[in-house]
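Results of the structural survey
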Amino acid sequence: AIYQKPHTPLTIEDVELSDLRADEVLVRTVCSGVCHSDMHFVDGLWALPMPAVLGHEASGVVERVGANVGYVKPGDRVIMSFKPFCGQCYYCIRGEAHLCNDPGLAARGAQHLKWQGKPVLQMASVGSFSEYMITPESGVVKIPADMPMAEAALIGCGVMTGVGAAINTAQIKPGSSVIIFGAGGVGIAAIQGARIAGAAEIVAVDKVDSKLELALKFGATHAIRPEAVESTKASVTGGEGFDYAIECVGHPALIRQSFDVTRRGGTAVIVGVGRLTEEVKFNAFEMFYHEKNLKGSMFGSANVRLDFDRLLRLWKYGKLDLEGMISRRIKLGEVNEAFRAMQQGEVIRSVIEYS
Ligand code: NAD
Ligand code: ZN
């Protein structure tokens, strides 16, 4: 499915694939989740070179590998990682490969596909709204042969992002109080992450009532509408504020509110993505005075080969619910409908199944 311009439905087209370089792999897409970050492009929130193939939360089977690839072989099942890492830069050496910004790797995303003679960008080195994906070896993570592929796909963005925000970025301690704004794919994963980390109170905030019911099933102890945030802060934390707030929507007002409802010395983690032009204000006194932490979270601060495996094992032993996050199983041709359903708050995740 090709994205040609904002506010326009994706169209299904045939594209040409390039040859593999020595360090690249060709993956046949099996499943792809539809994440709000995909829809941000269609909404015109971020500019992206066009045309592009969106989709970045996916599982697949390795079809071919370049001459220097040793990590995977044809037939291996993988989850795509939307942050391939170079392994050599400042961030990779520091153990923060999710912040690797290797310009060479980023440029590759526009070098693998062609449509009507023009280069087509693969979103985030993945481009999973397509039957095939080419990515560097570090853009795939091997998984066991018996792992179901739709569940696996969700780990590739929403689940890693949400659970990782709770356990890696926030580093929630057992017995903590946590508030999570937004109970979509990422927010539900953050609720599960807080539960796995042993939070005592987990307050989910969403403006869609059906999401609140779901939030309780995934481990929230309280599920409230936005109007009830202040009164719940008072009743749950005695007015002090939450140890942790996790923003999983991307609205400036909610980013500010996440900070405000955090206790002195607490931590607000911002996962949601807003517009480049939107601003959030903090005064020059409050930052020092309340000693609060304000942290961004990219891809759940993931070390993908380590953390995808942790998530798979949590799932295997019933501690992470992936099945419950799959609201609809659809075909590629229904991707525009999946965007509509997401906009309406009807789904946690729609998952495209290719075969
Ligand atoms: P989603 O659409 O599935 O979920 C968003 C939820 O927020 C919905 O349930 C919606 O009802 C709720 N919501 C919207 N406005 C609200 C409001 N004013 N108050 C309370 N709730 C509100 O989206 P998602 O896929 O879960 O993604 C959430 C955000 O995370 C997006 O901005 C996405 O781009 C971002 N994201 C960030 C990363 C990262 O690495 N930091 C990765 C993936 C996604
Ligand atoms: Zn995503």
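Report follows, based on the coordinates. Owing to the predicted nature of the structure, the values given are computational and were not obtained by experimental measurement.

For the rest of this paragraph, the subject is the packing of helix α4 (residues 149–169) against helix α10 (residues 304–316). Helix packing for two helices is described by the angle between their axes and how far apart those axes are. Look at α4 against α10: their axes get within 10 Å of each other, and the N-to-C directions meet at 100°. One way to sum up the angle between α4 and α10 is to call them roughly perpendicular. Side by side, α4 and α10 meet where E151, I155, G156, V159, M160, V163, I167 and N168 of the first sit next to D307, F308, R310, L311, L312 and W315 of the second. Of the residues in the contact of α4 with α10, the class split is nine nonpolar, two polar and three charged.

A word on the coordination of the zinc ion (ligand 2). The protein atoms donating to the zinc ion (ligand 2) are C35 (SG), H56 (NE2) and C157 (SG), with metal-donor distances spanning 2.0 to 2.2 Å. All donors to the zinc ion (ligand 2) come from one chain, and their sequence spacing reads C-x20-H-x100-C. Separated by 122 residues along the polypeptide, C35 in the loop between β2 (24–33) and α1 (36–42) and C157 in helix α4 bring together distant segments of the chain. Grouping residues by exposure puts C35 and C157 together as buried.

Before going further, it helps to examine the site of ligand 1. In the vicinity of ligand 1 there are 28 residues, among which H36, S37, D206, S297 and F299 approach most closely. Here an oxygen atom of ligand 1 and a side-chain polar atom of H36 are 2.5 Å apart. For ligand 1, an oxygen atom lies 2.8 Å from a polar atom in the backbone of F299. Protein contacts shield 92% of the accessible area of ligand 1, which totals 860 Å² for the unbound molecule. When contributions to the shell around ligand 1 are tallied by element, the ones reaching two or more residues are α1, α4 and α5 (185–197). The element contributing the most residues to the shell around ligand 1 is α1, with three residues.

Here we take up the state of the cysteines. Under the definition given, this model contains zero disulfides. Left unpaired, C31 is separated from the closest cysteine sulfur, that of C157, by 16 Å. C31 gets classed as buried once you look at its relative accessible area, which sits at 4%. C89 takes part in no disulfide bond, and the closest cysteine sulfur to it belongs to C86, at a distance of 3.8 Å.

Reading the values: the criteria
Residues numbered from 1 in each chain as written. Chains lettered and ligands numbered in written order. Predicted model: local features only at pLDDT ≥ 70, side-chain atom pairs only at ≥ 80, totals over all residues. Heavy atoms only, no water. Axes fitted to C-alpha atoms, helices over the stretch in contact; angles between N-to-C directions. Helix = DSSP H or I, 4+ residues; strand = E, 2+ residues; numbered from the N terminus. Parallel < 35°, antiparallel > 145°, perpendicular 65-115°, else oblique. Contact = heavy atoms within 4.5 Å. Nonpolar A, V, L, I, M, F, W, Y, C, P; charged D, E, K, R; others polar. Donors = N, O, S within 2.8 Å, 3.2 Å for Na, K, Ca; no water. Buried < 20%, exposed > 50% of the residue type's maximum accessible area, 1.4 Å probe, protein only. Near = heavy atom within 4 Å. Polar contact = N/O pair within 3.5 Å; in protein donor to acceptor, adjacent residues only side chain to side chain. Areas by Shrake-Rupley, 256 points an atom, 1.4 Å probe, with all protein chains shown as cover. Disulfide = S-S within 2.5 Å.

All we've got here are geometric facts, nothing functional implied.
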